[in-house]
Amino acid sequence: MSNIIVLMGAPGAGKGTQARLIQERLGLPQISTGDMLRALAVADIHTTQASGRLISDDVVMEMVKGRTSREDCSHGYVLDGFPRTAAQAEMLEKLAAEQGMGLMAVLIDVPVSVLEQRLNGRRTCPVCNETYNVYFKPPQSDNFCDRHRNVQLEQRPDDELDKVQIRLETYERQTRPVLDYYRQSGRLKVVDGSSEPEAIYAGLARIITQA
Ligand code: AP5
Ligand code: MG
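On a predicted model such as this, the values are computed, not experimentally measured, just so you know. (Residues numbered from 1 in each chain as written. Chains lettered and ligands numbered in written order. Predicted model: local features only at pLDDT ≥ 70, side-chain atom pairs only at ≥ 80, totals over all residues. Heavy atoms only, no water.)

### Regarding the pattern of salt bridges
Item 1. Counted by the stated rule, this structure contains 15 salt bridges.
Item 2. A salt bridge links lysine 163 to aspartate 162, with the shortest nitrogen-to-oxygen separation between them at 3.2 Å.
Item 3. For aspartate 162, a relative accessible area of 47% corresponds to the partly exposed category.
Item 4. A single network of salt bridges, built from pairs that share partners, joins Arg20, Glu24, Glu130, Lys137 and Arg147. (Salt bridge = Lys/Arg side-chain N within 4 Å of Asp/Glu carboxyl O. Buried < 20%, exposed > 50% of the residue type's maximum accessible area, 1.4 Å probe, protein only.)

Put into structure tokens, the structure is as follows:
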């Protein structure tokens, strides 16, 4: 099994949903740079995130280095939302070598036409980060978390449609080359991300456990 699983995909492809399932069922910790940045109390970072543009490579790389050096990552981890630029991919190669780990990337492939509804319909619990969708995965009780029944779900500011457009453009321009890089080095697998989450997970788990 490759120790570092890089989950790739456009905004809304289902990286977070699948990374959480992998963490729960295969025991590999989910390292989500988006979630980690949202948890920081830094106004500048939140403003940039809300705009749909990327945070600087230096900030994100420091965060990933620090987080993956913790004990729970010693047998491997799942990266969700990192790397997103060529510089980040280069840094990850060095980090993996230092940690003595192999690396495999998996693209969750979803047509752009589906992404807008997934993003616009997303709601998240501010306490546990559980993700819902008003169209595809509604909570049991209107706008309240199933696990934290008195906590109102929130919508991310970057899930407004104009920000979604910026995020998709940013993905094409800055992250598509990273996919090409993994493909050319023979380390990219692809799963169809347009079916049900459980079916996608089954495909992912097969790839991860066979690698
Ligand atoms: P980040 O938080 O990583 O956002 P993203 O990449 O745009 O991806 P999302 O989290 O929106 O989507 P996802 O693929 O996780 O989908 P999810 O599972 O939630 O980054 C946000 C911002 O942080 C960036 O714009 C940037 O500013 C900054 N940032 C983060 N990392 C950075 C980095 N490395 N460098 C620089 N800046 C960085 O699913 C989406 C919705 O669809 C949910 O409602 C879900 O319930 C639903 N859904 C999921 N799967 C399915 C399915 N199979 N069928 C139906 N519905 C589904
Ligand atoms: Mg996510």
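### Side note on the sheet that holds strand β1 (residues 4–8)
Item 1. The strand order across the open sheet built from 5 strands is β2-β3-β1-β4-β7, with neighbouring strands paired in parallel fashion. Of all strands in the sheet, those bounded by a partner on one side alone are β2 (30–32) and β7 (188–192). Ignoring strand direction, the axes of neighbouring strands in this sheet form an average angle of 25 degrees. (Pairing = 2+ DSSP bridges. Helix = DSSP H or I, 4+ residues; strand = E, 2+ residues; numbered from the N terminus. Axes fitted to C-alpha atoms, helices over the stretch in contact; angles between N-to-C directions.)

### Here's the deal with a nonpolar patch on the surface
Item 1. A cluster of nonpolar side chains, Val134, Tyr135 and Phe136, forms an exposed patch at the surface whose accessible area comes to about 300 Å².
Item 2. With respect to the secondary-structure elements, phenylalanine 136 resides in the loop between β6 (131–133) and α7 (161–184). (Patch = residues over 30% accessible without salt bridge, like charges linked within 9 Å, V, L, I, M, F, W, Y side chains within 5 Å. Areas by Shrake-Rupley, 256 points an atom, 1.4 Å probe, with all protein chains shown as cover.)

### A word on the packing of helix α1 (residues 15–26) against helix α8 (residues 197–210)
Item 1. Look at α1 against α8: their axes get within 10 Å of each other, and the N-to-C directions meet at 60 degrees. The orientation of α1 relative to α8 falls into the category oblique. Seen along the crossing, α1 lies across α8 with a hand that is right-handed. In this structure, α1 contributes Thr17, Gln18, Leu21, Ile22, Arg25 and Leu26 to the contact, and α8 contributes Pro197, Glu198, Ile200, Tyr201, Leu204, Ile208 and Thr209. (Parallel < 35°, antiparallel > 145°, perpendicular 65-115°, else oblique. Left-handed = near helix turned anticlockwise from the far one by under 90°. Contact = heavy atoms within 4.5 Å.)

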